[in-house]
Amino acid sequence: MGLLSILRKLKSAPDQEVRILLLGLDNAGKTTLLKQLASEDISHITPTQGFNIKSVQSQGFKLNVWDIGGQRKIRPYWRNYFENTDILIYVIDSADRKRFEETGQELAELLEEEKLSCVPVLIFANKQDLLTAAPASEIAEGLNLHTIRDRVWQIQSCSALTGEGIQDGMNWVCKNVNAKKK
Amino acid sequence: MATKAQEKLSGACALVAARSRFVRFHGYEGPGKLSGACARVSARSLCLPVSMATKARGGSQSERMKLRCLLLRYYPPGIMLEYEKNGELKMKSIDLLDLDSSTDVSALVKDIQRVEPLITASKTEQVTLVIRRLQEKLGQYSNHSFHLFKVLRAHILPLTNVALNKSGSCFITGSYDRTCKLWDTASGEELHTLEGHKNVVYAIAFNNPYGKVYTLIGHCAEISSALFNWDSSLILTGSMDKTCMLWDATSGKCVATLTGHDEKILDSCFDSTGKLFATSSVDGTARVYHTATRKLITKLEGHEGEVSKISFNPQGNHLLTGSSDKTARIWDAQTGQCLQVLEGHTDEIFSCAFNYQGNMVITGTGEINTIGSTFLSHYLLEFPNCILKVYPLPLCHVRAHGSS
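Summary of the structure given here. All values reported here derive from a predicted model rather than from experimental measurement.

Following the criterion strictly, the structure yields eight aromatic pairs over all chains and no others. Seen from their ring centres, F277 of chain B and Y289 of chain B are 5.2 Å apart, and the 20° between their planes marks the pair as stacked. Taken together, the residues span a long stretch of sequence, with F277 of chain B in strand 14 (residues 276–281) and Y289 of chain B in strand 15 (residues 285–290) at a distance of 12 residues. The buried category is assigned to F277 of chain B, whose relative accessible area is 0%. With relative accessibility at 4%, the residue Y289 of chain B sits in the buried group. Among the aromatic residues, those joined into a cluster by ring pairs are F51, W66 and Y81 of chain A. The positively charged end of R19 of chain A is found above the aromatic ring belonging to W66 of chain A, 4.3 Å away from the centroid. The aromatic ring of Y74 of chain B is capped on one face by K137 of chain B, whose charged end is 4.9 Å from the ring centroid.

Next up, the structure:
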């Protein structure tokens, strides 16, 4: 193998593209998280009408992140985005205890979806900067995450506002990108 | 003069839309993977030109807003407005979450106009059109899982082939019982039996939009492939008798017999314009001919086994062949030079095709007549066109398909 063919090989192997679906209830912080990932300004974020898409380079991967609005009215359209998803990221507002049941229900339904079967799931226990936030361990217990057997999963506490914990979560994502394909 | 200005703007809008984040992101999702994103159906229907600048309600001179184009968003249903405000390009959306097939569109447009100054009276028609299109999309059956619809006991002997017409309203079956039958898809009713063949019917095809029946007699062995050119004026047949014939579709007469292959012809094809056609054979070669002159342009030599499948790329400058030597090859249609050998299959390749853009190739191996992803081991090979021309050597990255 000559140098030229090695060069050609390098040229023909672009970053692996990863399709990430970012879901969660309204006001969970999905769009803030997305903007934080893309290092964009997060001071003026309004409820997502429809969806946002961003492409982020990370550890040799091109992460195409699809952030779909979480309002109740929009949730039925989530399924239109399931196809070809490599990683599911589910965002929870850790301080909104009143809606833990609702968010757990939505997550349970997502995990039942055939098109998302075996897709690794990362749960972000967001808004840890708030004093009233429940710790990730409590949320994991409340959502019965330990009963998930059909895929790899991880819960990561974070604050989309300060950026804390997000990189750890994304490292997990990059490590588990191919978990589904094996 | 107004229409001229509008035309000009129409072009400008299309360009803007193509550059906007919205459309670009949809683009890289790639064909066949269309899932949730909003789509630009066509430049005409989506990038609606807007020729008049709109003043914001009660706004001052500096608050001039100008609608640049309308975009459809399917899931969740809505319209995106791309507009200019103080020279800056902005985007906002009108959510139509309650839209369904029973919604009164004209009342809805009026409601929108009441609150959205960008949608002026002159845009009523365009917005109505866009909403109708959304309605149409929402009304579509969105669950794409297939189910067994009907079982037809079509022929007394095994089937060899099936072809649907373009709209899918009817289809034709060919059989070892030497007949073809035409069926109504919805009812499963038999419309016609086409009899007359003296032996097994191996290949069938529909012309567009509708057809006459001719019996093409001339080959002295089984016909392995039969197809129409783009305007259905010519029929090309390849046969086990080592020849290939061109027929005038309007008269049913043979206009040319092409000899040259040393062995049975397994497949034949036209390019998209019908200027060229090609044949592939058991002798391990393929040949490219000029349709008008019937002259041989080039021979494609290199496969180490029979060439079972041949097709042109949509541009017509390259050919793709699949062979029992477990490789597929890409050729230059004019020079006959092999540009690339696509390896990876462990079994004979029975089928291969270019995608619509011609930048991707799919090859299939496995049992013949078994249609199902579990039985076909597909792999996708991607290569940008430009690179192909520069480096006529293996340069594709192979991606296993099926599990993703």
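From this point, things continue past the structure.
On to the pattern of salt bridges, then. In this structure the tally under the stated criterion is 22 salt bridges over all chains. Here D93 of chain A and K127 of chain A are joined by a salt bridge, their closest N and O atoms 3.1 Å apart. Note that D93 of chain A is positioned in strand 4 (residues 87–93) and K127 of chain A in the loop between strand 5 (121–126) and helix 4 (136–142), a separation of 34 residues in sequence. A salt bridge links D325 of chain B to R329 of chain B; the nearest nitrogen and oxygen atoms lie 3.7 Å apart.

Judged by nonpolar contacts, the single largest core of 55 residues is most densely connected at L23 and I68 of chain A together with I79, L96 and I131 of chain B. Counting residues in each nonpolar core, the second largest holds 24 residues, with V65, V91, L122 and C174 of chain A among its members.

To continue, consider the state of the cysteines. Residue and element names in this part refer to chain B. Under the defined criterion, the tally for this structure stands at zero disulfides over all chains. The thiol of C244 is unpaired, and the distance to the nearest cysteine sulfur, on C254, comes to 9.4 Å. The class of C244 is buried, set by a relative accessible area of 1%.

The next subject is the packing of helix 4 (residues 105–115) of chain B against helix 5 (residues 124–139) of chain B. All names here are of chain B. At their nearest, the axes of helix 4 and helix 5 sit 10 Å apart, and the two run at 125° to each other. The angle between helix 4 and helix 5 falls in the class oblique. Considering how the two elements wind past one another, helix 4 and helix 5 form a crossing that is right-handed. In this structure, helix 4 contributes V105, L108, V109, I112 and Q113 to the contact, and helix 5 contributes T124, V127, T128, I131, R132 and Q135. The class makeup of the residues in the contact of helix 4 with helix 5 is six nonpolar, four polar and one charged.

Scoring rules and cut-offs
Residues numbered from 1 in each chain as written. Chains lettered and ligands numbered in written order. Predicted model: local features only at pLDDT ≥ 70, side-chain atom pairs only at ≥ 80, totals over all residues. Heavy atoms only, no water. Phe/Tyr/Trp six-rings, centres within 6.5 Å; stacked < 30°, edge-to-face > 60°. Helix = DSSP H or I, 4+ residues; strand = E, 2+ residues; numbered from the N terminus. Buried < 20%, exposed > 50% of the residue type's maximum accessible area, 1.4 Å probe, protein only. Lys NZ or Arg CZ within 6 Å of the ring centre and 35° of its normal. Salt bridge = Lys/Arg side-chain N within 4 Å of Asp/Glu carboxyl O. Core = buried A, V, L, I, M, F, W, Y, C linked by side-chain atoms within 4.5 Å. Disulfide = S-S within 2.5 Å. Axes fitted to C-alpha atoms, helices over the stretch in contact; angles between N-to-C directions. Parallel < 35°, antiparallel > 145°, perpendicular 65-115°, else oblique. Left-handed = near helix turned anticlockwise from the far one by under 90°. Contact = heavy atoms within 4.5 Å. Nonpolar A, V, L, I, M, F, W, Y, C, P; charged D, E, K, R; others polar.

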